[in-house]
Amino acid sequence: MRSIKTKGFSLILAGSMLLALAGCNMSAPSTVGNIGGVEIPSGLYLLMQYNAYNTAASNATLPEGKKSSDVSAVLKAECTGTIGDEEVTATGAEYIQKLTDRSVEYYAAVEKTFAELGGELDADTLDSVTTNADSMWESNGKLYEANGIGRSTVENYLLNAQKAKKILEMTYGENGTTPVTESEYKNYIADNCYYIESVQLPLINYTSYTAATEEQKAAIEEIAETCRKDLSEKTLGEGAAASQVYTAAMTYAPQAMQAMGGTMESSQAVYYGASQLFTPSALSGYANSEDGTNKLTDPLDAAQPGEWITIDLGSSILVARRLDPLSTGASVSDLVKGYDLLTAMKSSDMQNEMYAAGAALEHNLDASAIKTYAASKIKKNV
C-alpha cells in the first residue's frame, strides 16, 4: 500500500515539475490583438498604459502620505480629468484603462490612414525620430525596460506621431485634399494670434539663482520704465522695429542683472529681445486657470495698438507692445511657414478625427493578453 502512495505522489510531483517547466518556456503575448487590422504590439500597449498612468497619477486625489509613484494607491484613488471632450471621474484603474484604450485606437487610426493615403516619411524625419528615441531611452530606458517596453517600441511610438503630422499635411496642407486657404490663415492670425515685440528684464539673478529683493525689483522697474520711454520714442507707429528691440535688450537687460549684483554680456542679452507671433497654445502658458485672466494678453488688450507698456510676469518684467502681424512686413505665407500655423490651426481637428476613426474601427483585442499586462504591474522605481 505504501508503494502505491509513493508512486502516486511521485506522479503528482512529476506532473508539477512538467507544468513548472512548461511555465518557464511560456512567453508573454507579443501582441494584444488588433484594431481595424492594425496589430497592437504588447510593448506599445505597455508604453501607452505607462503614459496613461502618469496622467492619472497627476489627476489623482491621493491619501495623505501617498505619492504618485505608489501604484497601488493611484489605482484605488479617485481621478478627475478630461478625456476627449468628456469630464471623467473614475478610479485610477478605470481612468488608466480609458486613456490606454483611447491611445491605442488613435494609434491604429493613424497607422491605417497613413497607409491608405500612401504616406511616406522623409530621411530627415526618420533621422530625428531615431535621435529622439535615443534621447528618451538614455533618460528613461531602465524604467521602460522594467515595464516591458523596448527601445524599438519607443521609436515606433515616435514614428506614429510623425505619421499623424504627415496626415495633417496631406489633408490640410498646401497640396492636401482639403487645403487651408490664405483667407482662412489670415482670419486665424487676426482673431487668435498676437504679434508682440518685447524686451525681457529678469527678476532672477541667474548667476546666484536668487530672486530680486523688493529694493532690487524697484530698481529694475525704473530700468523698465526708462526702456519703455526709449522704445516709445524710437519705434513710432505700426512699422517693424526689431533692430531697436534687440538694441534695447542689449542695453537694459544687463542693467537689470547688474541691479541684482550679477553680470550679463551683451551677446547674451540680445536673447532677451523678441519680435514674434504668439499662437493660442503659446499664449495659454500665461493664462490663470482660476480666474480666466491672462497676465500677458490682458494688459496688451487694455493698451493702445503699438503702445509700449510694462508687464510684471513674476520672474521678469516685460516691456512690450502688440502690433498688427501684417504691419510688420511679414506676409501671410511667411507667418504660416515661420510659426507652423497649419499645426496651430488644424492639429486639434485632426486629432479628434483620428480618435473618432479609431473608436469606429473593428476591435479584435485579446482580453486575456490585456489581463496579462494589468496596470497593477506597472513599476515606477528601478
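Scroll up to find the structure.
Just so we're clear, the structure is a prediction, and the values are computed from it rather than from any experiment.

### Details of the pairing of strand S9 (residues 273-278)
Along S9, 5 of the 6 residues are buried, which leaves the element largely enclosed by surrounding structure. Taken together, the 6 bridges between strand S6 (residues 194-202) and S9 define a ladder with antiparallel strand orientation. For tyrosine 195, the partnering residue across the bridge sits in S9 and is leucine 277.

### Considerations on the sheet that holds strand S10 (residues 309-312)
Strand order in the open sheet formed by 4 strands is S9-S6-S11-S10, with antiparallel pairing between adjacent strands. Among the strands making up the open sheet, the edge pair consists of S9 and S10. Each adjacent strand pair in this sheet contributes to an overall mean axis angle of 35°, direction not counted.

### Observations regarding the pattern of salt bridges
For side chains bearing opposite charge, pairing can occur when the charged atoms are close. In total, this model carries 12 salt bridges according to the counting rule given. A salt bridge links lysine 66 to aspartate 70; the shortest N-O distance between them is 3.5 Å. The salt bridge partner of glutamate 116 is lysine 112, with a shortest N-O separation of 4.0 Å. Taken together, the positions of glutamate 116 and lysine 112, both in helix H4 (residues 92-116) and 4 residues apart, correspond to about one turn of that helix. Lysine 112 gets classed as partly exposed once you look at its relative accessible area, which sits at 29%. Taken together, the salt bridges that share partners define one network made up of Asp134, Arg151 and Glu155.

### Some details on helix H8 (residues 214-234)
Along its 21 residues, H8 runs 30 Å from first to last C-alpha, staying within 8% of the 30 Å computed at 1.5 Å per residue. Here H8 has its buried residues at Ile220, Ile223, Ala224, Cys227, Asp230 and Leu231. Looking straight down H8, one finds its buried side chains confined to an arc of 125°; they lie on one side. Projecting away from the buried face of H8 at angles above 90 degrees are the exposed residues Glu214, Glu215, Glu222 and Glu233. In this structure, the buried residues of H8 make contact with S6, helix H9 (242-259), S10 and strand S11 (316-323).

### Side note on H4
Counted at 1.5 Å a residue, the expected span for H4 with its 25 residues is 36 Å, and the 36 Å between its end C-alpha atoms agrees. In the stretch just after H4, glycine 118 is the one whose phi turns positive, near 70°.

### A closer look at the packing of aromatic side chains
Per the stated rule, a full pass over the model turns up 3 aromatic pairs. Members of the aromatic cluster, joined through ring pairs, are Tyr50, Trp137 and Tyr144. The residue whose ring lies beneath arginine 102 is tyrosine 355, and the NZ or CZ to ring-centre distance is 3.5 Å. The ring of tyrosine 172 has lysine 346 sitting right over it, with the charged end atom 4.8 Å from the ring centre.

Reading the values: the criteria
Residues numbered from 1 in each chain as written. Predicted model: local features only at pLDDT ≥ 70, side-chain atom pairs only at ≥ 80, totals over all residues. Heavy atoms only, no water. Buried < 20%, exposed > 50% of the residue type's maximum accessible area, 1.4 Å probe, protein only. Helix = DSSP H or I, 4+ residues; strand = E, 2+ residues; numbered from the N terminus. Pairing = 2+ DSSP bridges. Axes fitted to C-alpha atoms, helices over the stretch in contact; angles between N-to-C directions. Salt bridge = Lys/Arg side-chain N within 4 Å of Asp/Glu carboxyl O. Expected span 1.5 Å × (residues − 1). Arc of directions from axis to C-beta. Contact = heavy atoms within 4.5 Å. Phe/Tyr/Trp six-rings, centres within 6.5 Å; stacked < 30°, edge-to-face > 60°. Lys NZ or Arg CZ within 6 Å of the ring centre and 35° of its normal.

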